[in-house]
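# Structural characterization, general
Here is how the chains run, residue by residue.
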Amino acid sequence: MDIDALLENLDLGEDQELEFKSAADGLPKSLWESVSAFANTDGGYIVLGVSEGKDGAVISGIKNADRQIQDFWNQHNNPQKLNVPICTNADVTRSQIEGKTLIIIQVPRASRTQKPVYINNNPKTGTYKRNYEGDYICAEDELRQMIRDASNTPQDLQILEKFGLDDLDQAALKAYRQRFRSREPDHPWLALDDKGLLQQLGGWYEDRNCAQQGLTLAGLLMFGRELPIREVLPYHHLDYQERLSTDPEQRWTYRLTLDGRWEPNLFNFFFQVYSRLIKDLEIPFQLDKHAVRLGETHVHEALREALVNCLIHADHWSTRPLVILKYPDSFIFSNPGRLRISLKSLYAGGVSDPRNPTLQRMFQMLGFGEKAGSGFQKILRAWIEQQWWPFVSEDLDLEMTSVNLPMVSMIPEAVTEVLKAIVGEDYATLPELDRITLALAHRFGEIRNKDIQEYKNEHPRTIGECLKRLVQKGWLQQSGRSRGTSYTLSNYPDLDQRPLSPSSDHSDANSDHSDANSDHSDANSDHSGEDQTLLKIAAPIRNHARSDPKQVQDIILQLCTGRYLALPQLAELLTRKPVTLRTSYLTPMLSQGLLELRYPERLNHPRQAYTSKNAGQAKSVQ
């Protein structure tokens with residue numbers, strides 16, 4: 001990031017990649033916690049001479065800059081303080097602002113072989129990570145995951161003592177051989193017995209250094225039976241769900257998980273899931289009898305790559321599940337383990353660092369999976385061709401990576417019309433990031449910097465500058481400060497000048513959230529019968545700036561009875577600001593048990609919505 005741009009925007013406050021420290025009396029002890037946290041996460045900047053005040057950044061400056069810089073390097077290069085020297089000379093600079101000296105330390109993201117970066121010679125108590133709330137000590141499972149990833153020995157090539165061919169699902173191994181033969185009928189490996197074939201694939205390995213041989217983790221994961229897999233990996237969990245119903249009481253319409261009805265190895269999981277992923281896609285496609293593609297489209301190819309990537313990049317030792325979700329208009333592939341390369345490298349392509357290269361080879365022999373980091377490029381190509389926007393996100397708390405593949409335009413025509421009414425003639429000349437930010441504010445009602453990061457591969461500071469610019473233009477309103485800052489659309493058109501249902505979950509019988517992506521199913525001024533019903537319920541308070549809070553609660557409960565309504569839609573119906581509605585009513589009503597969320601396990605779900613709980617289950621209103 002440009003240092004000048006960082007200094008010009010100190011008023012944006014601390015965030016995921018920026019930390020202020022006063023350093024009035026020398027280097028603060030917490031400096032090294034931030035160094036560890038940034039190195040173990042995505043890197044960041046530490047600015048000495050600035051503190052976080054009630055009204056934003058307070059610039060105090062550094063009086064003894066030379067001594068503090070020397071102290072920094074003395075401790076930085078002391079293995080008793082920092083186990084790995086992470087910074088270079090170019091990473092520590094001084095700058096002048098308002099006549100005061102600041103020290104800026106740029107902490108790079110550590111490579112996986114350098115992690116964990118810890119302090120005070122104790123990895124258990126000195127390993128930190130960064131989230132939007134600051135620095136926190138890593139839990140033991142996070143530490144173990146970093147240690148596993150630091151090794152250059154493939155995780156899946158580990159020999160499993162006392163496990164052998166009897167622990168494999170012979171039907172899966174036979175089916176693999178058949179598919180291999182259909183693709184490479186003259187391949188010499190086909191003449192080998194099962195053990196010989198496994199040796200060539202990496203499913204059976206002999207370590208010459210210790211004269212040990214046996215079944216590998218890759219062999220067990222790919223072809224194993226359930227009980228042996230669970231003996232080695234007690235938390236092994238594969239979960240595929242189809243959520244295609246409009247019924248809010250039905251969590252899924254189909255589910256494949258560990259239920260004792262099938263052998264849950266990766267070979268079986270892949271072929272059962274892939275056939276369902278591509279089912280009912282409105283894109284011409286055909287498979288032959290061996291499930292080999294016949295004139296497949298880029299979209300089908302992308303889904304296959306996403307599925308393979310999810311399996312080969314997962315940390316199968318993790319306690320987290322591997323989950324794949326299919327919605328009417330999107331797919332989400334989530335696997336345990338963070339990316340082993342940066343997001344920037346992932347989007348650029350050409351770099352591959354699979355967590356399980358042996359599994360990758362097994363899939364490649366069947367024609368699935370790509371080398372040299374081109375798999376995600378195929379996903380990008382397919383989605384961009386359809387004018388869809390894929391995005392990759394990492395959950396730092398859960399140590400999970402998700403690839404989200406929506407099959408709808410990010411900014412539908414109806415949404416564009418609403419944004420044009422807000423922005424005016426300038427809309428046509430807005431940069432892409434500005435348009436996306438406004439569209440997300442429209443879709444979610446209230447957004448934060450970190451929400452936009454999931455949709456655009458931009459630096460948080462770049463997004464922060466964009467948000468600041470849109471506020472200055474008068475197109476966004478800012479609430480809160482520092483890490484709690486949120487943004488909503490300003491100058492929103494009157495209800496009669498725009499469609500009503502930006503993210504309803506009930507307007508399309510064929511999709512449980514289709515209009516969460518189309519946002520407005522009817523661009524005409526006439527509302528549907530359902531909309532008229534909702535407007536009638538909201539009428540007693542929608543045109544009154546002040547209403548009795550109890551009356552507002554009662555009307556919210558009526559609106560949400562028998563249906564799920566998203567925050568933007570409720571805000572429109574009640575003519576309240578989304579942030580006010582959420583803070584003053586929705587959040588308290590959730591805690592009282594009056595409302596429940598459509599996606600309680602993921603509070604920031606893009607299609608989050610509210611419904612009234614059964615009156616008998618709800619607590620009385622205080």
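First, a word on what this report is: a plain description of the structure on this page. Please read these numbers as outputs of a predicted model, since none were measured by experiment.

Cut-offs used in this document
- Residues numbered from 1 in each chain as written.
- Predicted model: local features only at pLDDT ≥ 70, side-chain atom pairs only at ≥ 80, totals over all residues.
- Heavy atoms only, no water.
- Helix = DSSP H or I, 4+ residues; strand = E, 2+ residues; numbered from the N terminus.
- Contact = heavy atoms within 4.5 Å.
- Core = buried A, V, L, I, M, F, W, Y, C linked by side-chain atoms within 4.5 Å.
- Buried < 20%, exposed > 50% of the residue type's maximum accessible area, 1.4 Å probe, protein only.
- Axes fitted to C-alpha atoms, helices over the stretch in contact; angles between N-to-C directions.
- Parallel < 35°, antiparallel > 145°, perpendicular 65-115°, else oblique.
- Nonpolar A, V, L, I, M, F, W, Y, C, P; charged D, E, K, R; others polar.
- Salt bridge = Lys/Arg side-chain N within 4 Å of Asp/Glu carboxyl O.
- Phe/Tyr/Trp six-rings, centres within 6.5 Å; stacked < 30°, edge-to-face > 60°.
- Lys NZ or Arg CZ within 6 Å of the ring centre and 35° of its normal.
- Pairing = 2+ DSSP bridges.
- Expected span 1.5 Å × (residues − 1).

### Description of the environment of tyrosine 118
Here tyrosine 118 lies in the loop between strand E6 (100-107) and helix H4 (123-126). For tyrosine 118, the residues in contact, after removing those within four places along its chain, are Ser36, Lys81, Leu82, Asn83, Pro123, Gly126 and Thr127.

### Details of the nonpolar core
Core analysis: the biggest nonpolar cluster contains 71 residues, and Tyr176, Phe269, Ile324, Phe333 and Trp383 have the highest contact counts within it. Take this core: its biggest share by element is nine residues, from helix H11 (residues 298-312). When neighbours within four sequence positions are excluded, tryptophan 383 is seen to be in contact with Val299, Ala302, Leu303, Phe331, Trp388, Trp389, Pro390, Leu405, Pro406 and Met407.

### Overview of the packing of helix H16 (residues 432-444) against helix H18 (residues 460-473)
Contact pair H16 / H18: the axes reach a minimum separation of 10 Å and the direction vectors enclose 70°. If you check the angle between H16 and H18, you find them roughly perpendicular. Residues Leu433, Asp434, Thr437 and Leu438 of H16 form the contact with H18, whose participating residues are Thr462, Ile463, Cys466, Leu467, Arg469 and Leu470. Residues of the contact of H16 with H18, tallied by class, amount to six nonpolar, two polar and two charged.

### Some words on the pattern of salt bridges
Enumeration over the complete set of coordinates arrives at 26 salt bridges. Residue glutamate 394 is joined to arginine 338 by a salt bridge in which the shortest nitrogen-to-oxygen separation is 3.0 Å. Here arginine 338 lies in the loop between strand E16 (330-336) and helix H12 (343-348) and glutamate 394 lies in strand E17 (residues 391-395), a separation of 56 residues in the sequence. Assessed through its relative accessible area of 18%, glutamate 394 is described here as buried.

### Side note on the packing of aromatic side chains
Taken as a whole and judged by the stated rule, the model has 15 aromatic pairs. Centroid distance phenylalanine 180 to tryptophan 189: 6.4 Å. Interplanar angle 70°. Geometry classified as edge-to-face. Here phenylalanine 180 matches tryptophan 189 in class, with each residue buried. Consider the rings of phenylalanine 267 and phenylalanine 271, whose centres lie 5.0 Å apart with planes at 55°: the pair is tilted. One end of the pair, phenylalanine 267, and the other, phenylalanine 271, are both in helix H10 (residues 266-277), four residues apart, so they sit about a helical turn from each other. Taking relative accessible area as the criterion, phenylalanine 271 reaches 13% and is therefore assigned buried. By way of ring pairs, the aromatic residues Tyr176, Phe180, Trp189, Phe223, Phe267, Phe270, Phe271, Tyr274, Phe363 and Phe368 are connected into one cluster. The cationic tip of arginine 255 hangs over the ring face of tryptophan 252; the distance from NZ or CZ to the ring centre is 4.5 Å. Lying over the aromatic face of tyrosine 427, arginine 435 brings its terminal NZ or CZ to 4.9 Å of the ring centre.

### Thoughts on the sheet that holds strand E15 (residues 322-327)
Strand order in this open sheet of six strands is E12-E11-E15-E16-E18-E17, and the pairing throughout is mixed. A strand with exactly one partner marks an edge of an open sheet, and here the two such strands are strand E12 (254-256) and E17. Within the sheet, the average angular offset between the axes of one strand and its neighbour, ignoring direction, is 10°. By the bridge criterion, five bridges tie E17 to strand E18 (residues 400-406) in an arrangement that is antiparallel.

### Some thoughts on the sheet that holds strand E2 (residues 44-48)
A sheet is described by the order of its strands in space; here four strands give the open sequence E1-E2-E6-E5, paired in mixed fashion. Each edge of the open sheet carries a strand with a single partner, namely strand E1 (18-21) and strand E5 (92-97). The sheet shows a mean angle of 25° between the axes of neighbouring strands, direction not considered. Inspection of the sheet shows E2 paired to E6 by five bridges, in the antiparallel sense. Bridge pairing links valine 47 to isoleucine 104 in E6.

### Considerations on H10
Counted at 1.5 Å a residue, the expected span for H10 with its twelve residues is 16 Å, and the 16 Å between its end C-alpha atoms agrees. Counted residue by residue, H10 has nine buried out of twelve residues, so it is predominantly covered. Of the residues making up H10, those classed as buried are Leu266, Phe267, Asn268, Phe269, Phe270, Phe271, Val273, Tyr274 and Leu277.

### Digging into helix H2 (residues 30-40)
For the α-helix, the turn length of 3.6 residues means that residues three or four positions removed from each other point alike. Where burial is concerned, most of H2 is hidden: nine out of the eleven residues are buried. Listing the buried residues of H2 in full gives Leu31, Trp32, Ser34, Val35, Ser36, Ala37, Phe38, Ala39 and Asn40.

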